[in-house]
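# Observations on the model geometry
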Amino acid sequence: MSIIESFSADHTKMKAPAVRISRKFNTPKGDVITVYDLRFCQPNAAVMDLKGMHTLEHLLSQFMRQHLNHEIGEIIDISPMGSCTGFFMSVIGQPSEQDIAEAWRSAMYSIIAVKSEDEIPGINRFQCGAYHEHSLLEAQNIAKAVLSVGIGINYNENLKLDETLIKN
């Protein structure tokens, strides 16, 4: 069985917070889909608080769309990683890592500016499957942590996994 792209990157070499192009592919009609790894936490060293990550998911869905230039890319989806260390974001188009980092930085400032949970989109039992599992404070703490460190770029050529490490 071949290794999927995400597992072919050596997570011990990843930096966080950082953007990485996880993969690119073309639709049958020729549109380019680019999947970005928005790594919030250093793999195997830290994870996001679950309630904060859930709130961040709702807010990122709104603010990344507001801050990414729609002429260079249109966001399809932003989904949390099971490892609780970041999000995958799928985009129609090919914005650069720097374009994504700038939109991400702006989104973090927007999240910090949210005054109450009443401003979080979809935080009710009709629109969210775990609406009682949110924390605006934790989401804002995550955003502040990202901004205090700064957003870097992870390049796949620097993260190539030596497969002999996992065969033993």
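## Comments concerning the overall build of the protein
Assigned secondary structure in the protein consists of four helices and five strands. Along the protein, from the amino end to the carboxyl end, the secondary structure elements read β-β-α-β-β-α-α-β-α. For 168 residues, the compact-globule estimate of 2.2 N^0.38 gives 15 Å, and the protein sits close to it at 16 Å. Once the C-alpha set of the protein is aligned to its principal axes, its extents read approximately 50 × 40 × 30 Å. Taken across its 168 residues, the protein has 43% of its residues classed as buried. Within the protein, residue pairs in contact and separated by at least 24 positions form 67% of the contacts whose partners lie at least 6 positions apart. Counting only carbon and sulfur atoms, one obtains 52% of the accessible surface of the protein, whose full area is about 9300 Å². Side-chain charges of the protein comprise 15 positive and 20 negative groups, with the mean position of each set lying 3 Å from the other.

## A word on the sheet that holds strand E4 (residues 86–93)
The sheet built from five strands is open, its strands ordered E3-E4-E2-E1-E5 with mixed pairing. The strands lining the two open edges of the sheet, one partner per strand, are strand E3 (73–80) and strand E5 (152–153). As defined by bridge partners, strand E1 (residues 18–26) adjoins strand E2 (residues 32–39) across eight bridges and the pair is classed as antiparallel. Its bridge partner lying in E2, Phe 25 is registered against Ile 33.

## A short note on the packing of helix H2 (residues 97–112) against helix H3 (residues 136–149)
As a packed pair, H2 and H3 sit with axes 9 Å apart at the nearest point and diverge in direction by 140°. By the criterion of interaxial angle, the relationship of H2 to H3 is oblique. Remark: the crossing between H2 and H3 carries left-handed chirality. On H3, the residues touching Trp 104, Arg 105, Met 108, Tyr 109, Ile 111 and Ile 112 of H2 are Ala 139, Gln 140, Ala 143, Lys 144, Val 146 and Leu 147. A class-by-class count of the residues in the contact of H2 with H3 yields nine nonpolar, one polar and two charged.

## Here we look at the nonpolar core
Nonpolar side chains in soluble globular proteins tend to end up buried together. Grouped together as the largest cluster of nonpolar side chains are 35 residues, with contacts concentrated most on Phe 40, Leu 56, Leu 60, Met 64, Met 89, Trp 104 and Met 108. Of all the elements in the fold, those that place two or more residues in this core are E1, E2, helix H1 (50–67), E3, E4, H2 and H3. No other element matches the seven residues that H2 contributes to this core. The residues contacting Phe 40, other than those within four sequence positions of it, are Ala 16, Pro 17, Met 48, Leu 56, Leu 60, Thr 85, Gly 86, Phe 87, Trp 104, Met 108, Ile 142 and Val 146.

## A word on the pairing of E3
Working note: regular strand, side chains alternate between the two faces of the sheet. Pairing of E3 with E4 involves seven bridges; the strand directions are antiparallel. The partner of Pro 80 across the bridge, within E4, is Phe 87. Linking E3 to E4, which pair antiparallel, is a turn of five residues; within it Cys 84 sits at a positive phi near 60°.

## A few points about unusual backbone geometry
Residues Ala 16 and Pro 17 are joined by a peptide bond in cis, for which omega reads -5°. Mapped onto the elements of the fold, Pro 17 is located in the segment before E1. Of note, the phi angle at Asn 44 is positive, near 65°, even though the residue is not glycine. Relative to the assigned elements, Asn 44 resides in the loop between E2 and H1. The exposure class of Asn 44 is exposed, given its relative accessible area of 76%. The phi angle at Cys 84 is positive, at roughly 60°, despite the residue not being glycine. Topologically, Cys 84 is positioned in the loop between E3 and E4.

Definitions and limits used
- Residues numbered from 1 in each chain as written.
- Predicted model: local features only at pLDDT ≥ 70, side-chain atom pairs only at ≥ 80, totals over all residues.
- Heavy atoms only, no water.
- Helix = DSSP H or I, 4+ residues; strand = E, 2+ residues; numbered from the N terminus.
- Rg over C-alpha atoms; globule rule 2.2 N^0.38 Å.
- Buried < 20%, exposed > 50% of the residue type's maximum accessible area, 1.4 Å probe, protein only.
- Contact = heavy atoms within 4.5 Å.
- Areas by Shrake-Rupley, 256 points an atom, 1.4 Å probe, with all protein chains shown as cover.
- Lys, Arg positive; Asp, Glu negative; His and termini not counted.
- Charge placed at Lys NZ, Arg CZ, Asp CG, Glu CD.
- Pairing = 2+ DSSP bridges.
- Axes fitted to C-alpha atoms, helices over the stretch in contact; angles between N-to-C directions.
- Parallel < 35°, antiparallel > 145°, perpendicular 65-115°, else oblique.
- Left-handed = near helix turned anticlockwise from the far one by under 90°.
- Nonpolar A, V, L, I, M, F, W, Y, C, P; charged D, E, K, R; others polar.
- Core = buried A, V, L, I, M, F, W, Y, C linked by side-chain atoms within 4.5 Å.

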